[in-house]
Amino acid sequence: MSAREDILGRIRAATAGVTAPAVPRDYRIFGDHASGDPRLLDLLTDRLDDYKATVHRVTAAELPGKLAEITLGWSVVVPPGSPLPLPGAAVDDDLAYADLDRIDAVLTGCAAACAETGTIALDGGPGQGRRALTLIPDRHVCVVLADQVVQTVPELLHRLDPARPLTFVSGPSATSDIELNRVEGVHGPRTLIVVLVTA
Amino acid sequence: MSETFLGMPAAPKGVGQLRGDADFPAAARAALADGQLRRNIGHATATIRAKRAKVVGEVPDWQQLRRAGEAIKAATMANLADHLERLEREVTARGGVVHWAGDANEANRIVVDLVRATGADEVVKIKSMATQEIGLNEALEAAGIAPVETDLAELIVQLGHDKPSHILVPAIHRNRAEIREIFLREMPGVDPALTDDPRRLAMAARAHLRAKFLSARVAVSGANFAVAETGTITVVESEGNGRMCLTLPRTLITVMGIEKVVPTWTDLEVFLQLLPRSSTGERMNPYTSTWTGITPGDGPQEFHLVLLDNGRTRVLADPAGRSALHCIRCSACLNVCPVYERTGGHAYGSVYPGPIGAILSPQLTGVADNASLPYASSLCGACFDACPVRIDIPTILVHLRSSVVDDHSRVSPEAVAMAAAAWTMASPGRFRFASRLLRLGRLIGRGGRIRRLPLFLGGWTEARDAPVPPAQTFRTWWRKR
Ligand code: SF4
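Residues numbered from 1 in each chain as written. Chains lettered and ligands numbered in written order. Predicted model: local features only at pLDDT ≥ 70, side-chain atom pairs only at ≥ 80, totals over all residues. Heavy atoms only, no water.

So, about the overall build of chain A. Summing up its helical and strand segments, chain A has five helices and twelve strands in all. In chain A, which comprises 199 residues, the proportion classed as buried is 56%. The long-range fraction of contacts in chain A, counting pairs at least 24 apart against all pairs at least 6 apart in sequence, stands at 71%. Summed over its atoms, the accessible surface of chain A is roughly 7700 Å², and 52% of this surface lies on carbon and sulfur atoms. Side-chain charges of chain A comprise 18 positive and 26 negative groups, with the mean position of each set lying 4 Å from the other. (Helix = DSSP H or I, 4+ residues; strand = E, 2+ residues; numbered from the N terminus. Buried < 20%, exposed > 50% of the residue type's maximum accessible area, 1.4 Å probe, protein only. Contact = heavy atoms within 4.5 Å. Areas by Shrake-Rupley, 256 points an atom, 1.4 Å probe, with all protein chains shown as cover. Lys, Arg positive; Asp, Glu negative; His and termini not counted. Charge placed at Lys NZ, Arg CZ, Asp CG, Glu CD.)

So this is what it looks like as structure tokens:
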């Protein structure tokens, strides 16, 4: 018998007659505020601050100026077809990892964000690019639109498609492995800058 | 008792890390003599406990989430074979390849063969309990393949030729000066002016691993969760080394215990809330990655999922012990355990230390091989209160103790030389007091359950009934021998 049949056979023998309990789903699914509510934007900002990310809040009209200001003096890469206004940015047309490693910053959008946990989700959709793009450059500038911000983790997951490769980012990478001292910025981008765009 | 699970093989001897060189009391005695170790562990557990309490306290539906997590895990186990077959179908449909490994040796063979087929002689690794459990690094090295641990703590452990001492912070037994020395000694090309500033040390690790990440052809990971209905694998991490491994190499090999499957995508909304807050005491860990098979043009283009039994079906076959498989490896039970706090992780001899290790390791190996571990506890119940999926560790400990007692002909004399453990538990007066209270419980318990316990045990019994301890407690038991 193959290992597969062996293991499945053992599992069926071990669980014969065991019935699955009903799963109580009385935990919170929806938050108190609709997506984009200013209170959620405040909460998201507070959480990201806590993770030592930098947050800027701008209107759509202010966005181009703010992006130019943030990235002043940096080489910047954007995903192909990026709708974000940043003249002069390089486009990731399947750049080699070594090339991405030489670029100062990557500028992307996101798929959704969760205020309660300060989490930004990337799904490789428009304006986000492949996973290597938001991983190798040392700075990640991420534009979050107000109506992408939901309150709870269940609301966040409901907005995402598991068939796509997903990355949940809650602040820059960090380690506490040395005497529990938190050091922000290890292997992923050491700097996370979030630009929150309100209407 | 040990014959109950006939036909359900235990994790094999001679491979991997589920059995220690010495039994718990002997190993604990050595640990207790190490003041530095005790201070480091004490500091770590106290700090994480405080962080966890703060972020758990701000979740209004924490108890509902725990109950949901508990039920999802129990429901998964009830139909585990179906969920694994579904997972296999979905992963395969998306271009992944699923392998089944009955035990550590089979899993190691599968991974070694897969790496060999790529022609690579080095693999980058994300911290993974499963691959430690099966001794994958040793198997790779024996095959001439260099495994590179990329989690900072695992790197410290690997470069220090050492063993992990905690699930979450495996190098917590090392202080910054020791880490600096290890890096200076073992890290090629490291700046000789390296100081013991944690930031400088972390940046030395970053520089050391950067080139490896950018050129690695094969990565090996574990998995925190695998969603059966979608074939989606999830890895939860902090440093970004996980993302590097999961994204950059061409080939990704994930080794996952069969119990890590969850039925639906919706189930993740429960565990992604329970795990980070219980584990690191964060609202959310910095990075979580999920992937489903292969995505053309994005990430690894070859994906292998190795499903590992290695004693798990044996655990599953015991109705009184199977909930040990519900563990999501958050390490909260370690951080609240008064025994762990004094002995650290090495004393448990297994990759799984602390309260969860005391119930999981003996079940995976068979109780005779880890006979002292079910006694490595004062039964104070703090582990149950902390456990995000409500595993009733104290009751399982009592159950396993009765297996050891039933099976005492198989217990080696060493296993019952419990002097150091006794010292541990007798040291703060409250343990003696607690065990007396628990013995009293035997007199008052009706129907095998204790309804209420006084004093500090109260917090425990508010949430659940305490198991009635066996007439022979640990202390009286070891004294007799
Ligand atoms: S037994 Fe519970 S508390 Fe302990 S590591 Fe597992 S999930 Fe966490």
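That was the structure; now back to the text.
A count of helices and strands for chain B gives 22 helices and twelve strands. Counting across all 481 residues of chain B, residues that qualify as buried make up 66%. In chain B, the proportion of contacts linking residues at least 24 apart, taken out of those at least 6 apart, comes to 75%. Of the accessible surface of chain B, which amounts to about 16000 Å², a share of 52% is contributed by carbon and sulfur atoms.

This part covers the interface of chain A and chain B. Listed as interface residues are 71 residues of chain A and, on the opposing side, 99 residues of chain B. Approximately 7100 Å² of surface area, both sides summed, lies buried where chain A meets chain B, with 59% of it carried by carbon and sulfur atoms. When residues of chain A are sorted by the area they lose upon contact with chain B, A:Arg131, A:Asp177 and A:His187 head the list and together hold 11% of the total. Along the contact surface separating chain A from chain B lie 14 salt bridges. Between A:Asp101 and B:Arg210 there is a salt bridge, and its shortest N-O distance comes to 2.8 Å. The interface formed by chain A and chain B contains 36 residue pairs in polar contact (both at pLDDT 80 or more). Among the secondary structure elements, those contributing two or more residues to the side of chain A that touches chain B are α1 (3-15), α2 (38-50), α4 (97-102), α5 (153-158), β9 (166-169), β10 (174-178) and β11 (181-184) of chain A. Counting residues per element, the side of chain A that touches chain B draws most heavily on α1(A), at ten residues. (Buried area = accessible area lost by both parts, 1.4 Å probe. Salt bridge = Lys/Arg side-chain N within 4 Å of Asp/Glu carboxyl O. Polar contact = N/O pair within 3.5 Å; in protein donor to acceptor, adjacent residues only side chain to side chain.)

Moving on: the site of the ligand. In the vicinity of the ligand, the residues found are B:Cys327, B:Ile328, B:Arg329, B:Cys330, B:Ser331, B:Cys333, B:Ile356, B:Cys387, B:Pro388, B:Ile391 and B:Ile393. Each residue belonging to the shell around the ligand can be placed in one class, and the counts come to nine nonpolar, one polar and one charged. (Near = heavy atom within 4 Å. Nonpolar A, V, L, I, M, F, W, Y, C, P; charged D, E, K, R; others polar.)

Before going further, it helps to examine the sheet that holds strand β2 (residues 76-78) of chain A. All names here are of chain A. Reading across the sheet, the six strands line up as β1-β12-β7-β4-β2-β3 and stay open at both edges, with parallel pairing between neighbours. Every interior strand has two partners, whereas the edge strands, β1 (54-59) and β3 (90-91), have only one. Judged from the two bridges that link them, β2 and β3 form a sheet pairing that is parallel. Looking at β3, one finds that Val78 is bridged to Val91. Each of β1 and β12 (191-198) touches α2; the most contacted strand, β1, lies at about 155° to it. Against the sheet, helix α3 (residues 63-70) makes contact with β1, β4 (105-108), β7 (139-145) and β12, and its axis sits at roughly 170° relative to β12, the strand it touches most. (Pairing = 2+ DSSP bridges. Axes fitted to C-alpha atoms, helices over the stretch in contact; angles between N-to-C directions.)

This paragraph deals with the sheet that holds strand β1 (residues 97-101) of chain B. All names here are of chain B. Spatially, six strands are ordered β1-β10-β7-β4-β2-β3 in an open sheet, and the strand pairing comes out parallel. Looking at which strands have only one partner, the edges of the open sheet turn out to be β1 and β3 (146-149). Ignoring strand direction, the axes of neighbouring strands in this sheet form an average angle of 25°. Bridge count for strand β7 (residues 251-257) against strand β10 (residues 302-308) is seven bridges, and the pairing is parallel. Across the sheet, the residue bridging to Met256 is Leu307, located in β10. Lying on the sheet, helix α4 (residues 80-93) is in contact with β1, β7 and β10; it crosses β1 at an angle near 145°.

For the pair α1(A) and α4(B), interaxial distance at closest approach is 8 Å and the crossing angle is 145°. Side by side, α1(A) and α4(B) meet where A:Arg4, A:Leu8, A:Ile11 and A:Arg12 of the first sit next to B:Leu80, B:Ala81, B:Asp82, B:Leu84, B:Glu85 and B:Glu88 of the second. Each residue belonging to the contact of α1(A) with α4(B) can be placed in one class, and the counts come to five nonpolar, no polar and five charged.

Okay, the side chain of B:His173 next. Residues and elements named next belong to chain B. Locating His173 in the fold gives a position in the loop between α8 (152-159) and α9 (176-186). Take His173: its relative accessible area is 9%, and that puts it in the buried class. Here His173 is in contact with Leu37, Asn40, Val157, Asp162, Lys163, Ser165, Glu178 and His346, once residues within four sequence places are set aside.

Attention now moves to the packing of aromatic side chains. Residues and elements named next belong to chain B. Applying the stated rule across the entire model yields four aromatic pairs over all chains. Judged by centre distance (4.9 Å) and plane angle (55°), the ring pair of Phe24 and Tyr348 falls under tilted. Remark: Tyr348 occurs in the loop between α15 (338-343) and α16 (354-365) and Phe24 occurs in helix α1 (residues 24-32); sequence separation between them is 324 residues. Given the relative accessible area of 2%, Phe24 is considered buried. (Phe/Tyr/Trp six-rings, centres within 6.5 Å; stacked < 30°, edge-to-face > 60°.)

Attention now goes to the pattern of salt bridges. Tallying each qualifying case throughout the model produces 42 salt bridges over all chains. Of the charged contacts in the structure, one is a salt bridge between A:Arg39 and A:Asp37, with a shortest N-O distance of 3.0 Å. One salt bridge in this structure joins A:Asp138 and A:Arg190, with 2.8 Å as the shortest N-O distance. Note that A:Asp138 is positioned in the loop between β6 (119-122) and β7 and A:Arg190 in the loop between β11 and β12, a separation of 52 residues in sequence. Three or more residues are tied together by salt bridges with common partners; here these are A:Arg4, A:Glu5, A:Arg12, B:Asp82, B:Glu85 and B:Glu88.

All names here are of chain B. Between helix α3 (residues 62-78) and helix α12 (residues 268-279), whose axes approach to 9 Å, the crossing angle comes to 115°. One element, α3, and the other, α12, form an angle in the roughly perpendicular class. As α3 packs across α12, the resulting crossing turns out to be left-handed. Contacts between α3 and α12 involve Trp62, Leu65, Arg66, Ala68, Gly69, Ile72 and Lys73 from the former and Val270, Phe271, Gln273, Leu274, Arg277 and Ser278 from the latter. A class-by-class count of the residues in the contact of α3 with α12 yields seven nonpolar, three polar and three charged. (Parallel < 35°, antiparallel > 145°, perpendicular 65-115°, else oblique. Left-handed = near helix turned anticlockwise from the far one by under 90°.)

What follows deals with unusual backbone geometry. All names here are of chain A. If you check the backbone angles, Lys52 has positive phi at about 70° while not being a glycine. Along the polypeptide, Lys52 turns up in the loop between α2 and β1. Phi at Glu179 is positive, roughly 50°, even though this residue is not glycine. Considering the arrangement of structural elements, one finds Glu179 in the loop between β10 and β11.

Structurally, A:Tyr27 is set in the loop between α1 and α2. With 127 residues separating them in the primary sequence, A:Tyr27 and A:Pro154 have C-alpha atoms 9.7 Å apart. Apart from the residues lying within four places of it in its own chain, the contact partners of A:Tyr27 are A:Pro154, B:Asp61, B:Gln64, B:Leu65, B:Ala68, B:Thr266, B:Glu269 and B:Val270. Among the polar contacts made by the side chain of A:Tyr27, one reaches the side chain of A:Arg25 at a distance of 3.0 Å. Among the polar contacts made by the side chain of A:Tyr27, one reaches the side chain of B:Glu269 at a distance of 2.6 Å.

What follows covers the environment of B:Ala142. Residue and element names in this part refer to chain B. Along the polypeptide, Ala142 turns up in helix α7 (residues 136-142). Residue Ala142 is classed as exposed on the basis of its relative accessible area of 70%. Put simply, Ala142 and Val112 are 30 residues apart on the chain and 9.6 Å apart in space, counted from C-alpha to C-alpha.

These figures come from the coordinates and say nothing about function on their own.
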